Amino acid sequence: ELTGVFKLGASTTIGSYVLPQLLDIFIKEFPEIEVSMKVQNSKSIIGEILDFEIDMGIIEGQCHHASIEVIPWRKDRLAIFCSPNHPLAKLKTVTAEDLGKAKWILREPGSGSRAIFENALTGIMNNVDVILELGNTEAVKNAVEANIGISCLSIYTLERSIKHKELIELKTPFIDLSRFYYILVHKKKYKNQLLQSCLDFWSRYSSVKKQKE
């Protein structure tokens, strides 16, 4: 059986909402491997990969660094949402003008969710009135629920709150908020049997079809 320490880095949404169930399967399949996982924003995970502090990273933002191998892993989408008491909650669809007038609560710069959100708005909205930046997904959700402003996060983080009508997803068909999660590995990282087995495990749970060569 494989033994050793597998150092995994995950951006906040993935580490908190996507990986826990898969880690349970991983631990049962590789009981002798110790998992050490860091949960940080995407920018920090990229830095950890470059410094060889972790073996593998899974992030929700994009990475274009020449020294890092980037493997699309899973599809996701962001959702713009508000409190049930917010004026926009009553609208069937909202416009760019509606969003431009709203107060926003966003994740901190360096967050994958923040980067995707800002890129999606390019050419649609020139200004976003950000009144609060928070480094924690649950803190953002709680602030929106308190009707301080509206926000945009992964649908993974919102499903339960939307189901219980604690938060309302706003319909914004004019914005493409789809994205991928990516596996990151340093190109110069030696892929021993332990690392290769770990990469093979996570690849089995990919939702992205491999392109035919």
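Residues numbered from 1 in each chain as written. Predicted model: local features only at pLDDT ≥ 70, side-chain atom pairs only at ≥ 80, totals over all residues. Heavy atoms only, no water.

**Student:** What is the right way to read the packing of helix H1 (residues 12–29) against helix H5 (residues 137–145) from this model?
**Tutor:** When two helices pack together, their arrangement is captured by the angle between the axes and the distance separating the axes. The geometry of H1 relative to H5 is characterised by a closest axis approach of 10 Å and an angle of 85° between their N-to-C directions. The angle between H1 and H5 places the two elements in the roughly perpendicular class. Residues Thr-12, Thr-13 and Tyr-17 of H1 form the contact with H5, whose participating residues are Thr-137, Glu-138 and Lys-141. Its residues assigned to classes, the contact of H1 with H5 shows 1 nonpolar, 3 polar and 2 charged. (Axes fitted to C-alpha atoms, helices over the stretch in contact; angles between N-to-C directions. Helix = DSSP H or I, 4+ residues; strand = E, 2+ residues; numbered from the N terminus. Parallel < 35°, antiparallel > 145°, perpendicular 65-115°, else oblique. Contact = heavy atoms within 4.5 Å. Nonpolar A, V, L, I, M, F, W, Y, C, P; charged D, E, K, R; others polar.)

**Student:** Can you help me understand the packing of aromatic side chains in this one?
**Tutor:** Pairs of aromatic rings are described using the distance from one ring centre to the other and the angle between the two planes. Enumeration according to the criterion identifies 11 aromatic pairs in this entry. Their ring planes at 45° and their centres at 5.0 Å tell us that Phe-26 and Phe-30 sit as a pair that is tilted. In this structure Phe-30 comes out as buried when scored by relative accessible area, which is 13%. Aromatic pair Phe-201 and Tyr-205: ring centres 5.1 Å apart, planes at 50°, arrangement tilted. Residue Tyr-205 is classed as partly exposed on the basis of its relative accessible area, which comes to 24%. Aromatic ring contacts, followed pair by pair, group Phe-6, Phe-26, Phe-30, Trp-73, Phe-201, Trp-202 and Tyr-205 into a single cluster. A cation sits over an aromatic face here: Arg-74 above Trp-73, 4.8 Å from the ring centre. (Phe/Tyr/Trp six-rings, centres within 6.5 Å; stacked < 30°, edge-to-face > 60°. Buried < 20%, exposed > 50% of the residue type's maximum accessible area, 1.4 Å probe, protein only. Lys NZ or Arg CZ within 6 Å of the ring centre and 35° of its normal.)

**Student:** Can you help me understand helix H7 (residues 193–204) in this one?
**Tutor:** Every α-helix carries 3.6 residues per turn, so stepping three or four residues along brings you back to the same face. For H7, with 12 residues, the first-to-last C-alpha span of 17 Å sits near the 16 Å given by 1.5 Å per residue. Tucked into the core, H7 has its buried residues touching strand S1 (4–11), H1, strand S2 (33–40), strand S3 (56–59), strand S4 (68–82) and strand S9 (178–186). (Expected span 1.5 Å × (residues − 1).)

**Student:** Could you clarify how one ought to interpret the environment of Ser-16 in this entry?
**Tutor:** Looking at the element boundaries, Ser-16 is found in helix H1. Measuring from C-alpha to C-alpha, the distance between Ser-16 and Thr-157 comes to 8.7 Å, with 141 residues separating the pair along the chain.

**Student:** Sorry, what's going on with the pattern of salt bridges here?
**Tutor:** When charged atoms on two side chains of opposite charge get close, those side chains can pair. Across all of its chains, the model carries 14 salt bridges by this definition. Two residues, Lys-191 and Glu-69, come together in a salt bridge whose shortest N-O distance is 3.1 Å. Placement of the pair is Lys-191 in the loop between S9 and H7 and Glu-69 in strand S4, with a sequence separation of 122 residues. By relative accessible area, which is 29% here, Glu-69 ends up partly exposed. The salt bridge involving Glu-133 is made with Arg-114; its shortest N-O contact spans 3.1 Å. In this pair, Glu-133 is assigned in strand S6 (residues 129–134) and Arg-114 in helix H4 (residues 112–120), connecting sequence segments 19 residues apart. Accessibility expressed as a relative area gives 10% for Arg-114, which makes it buried. Within the structure, one salt-bridge network assembled from shared partners comprises Glu-60, Asp-76 and Arg-179. (Salt bridge = Lys/Arg side-chain N within 4 Å of Asp/Glu carboxyl O.)

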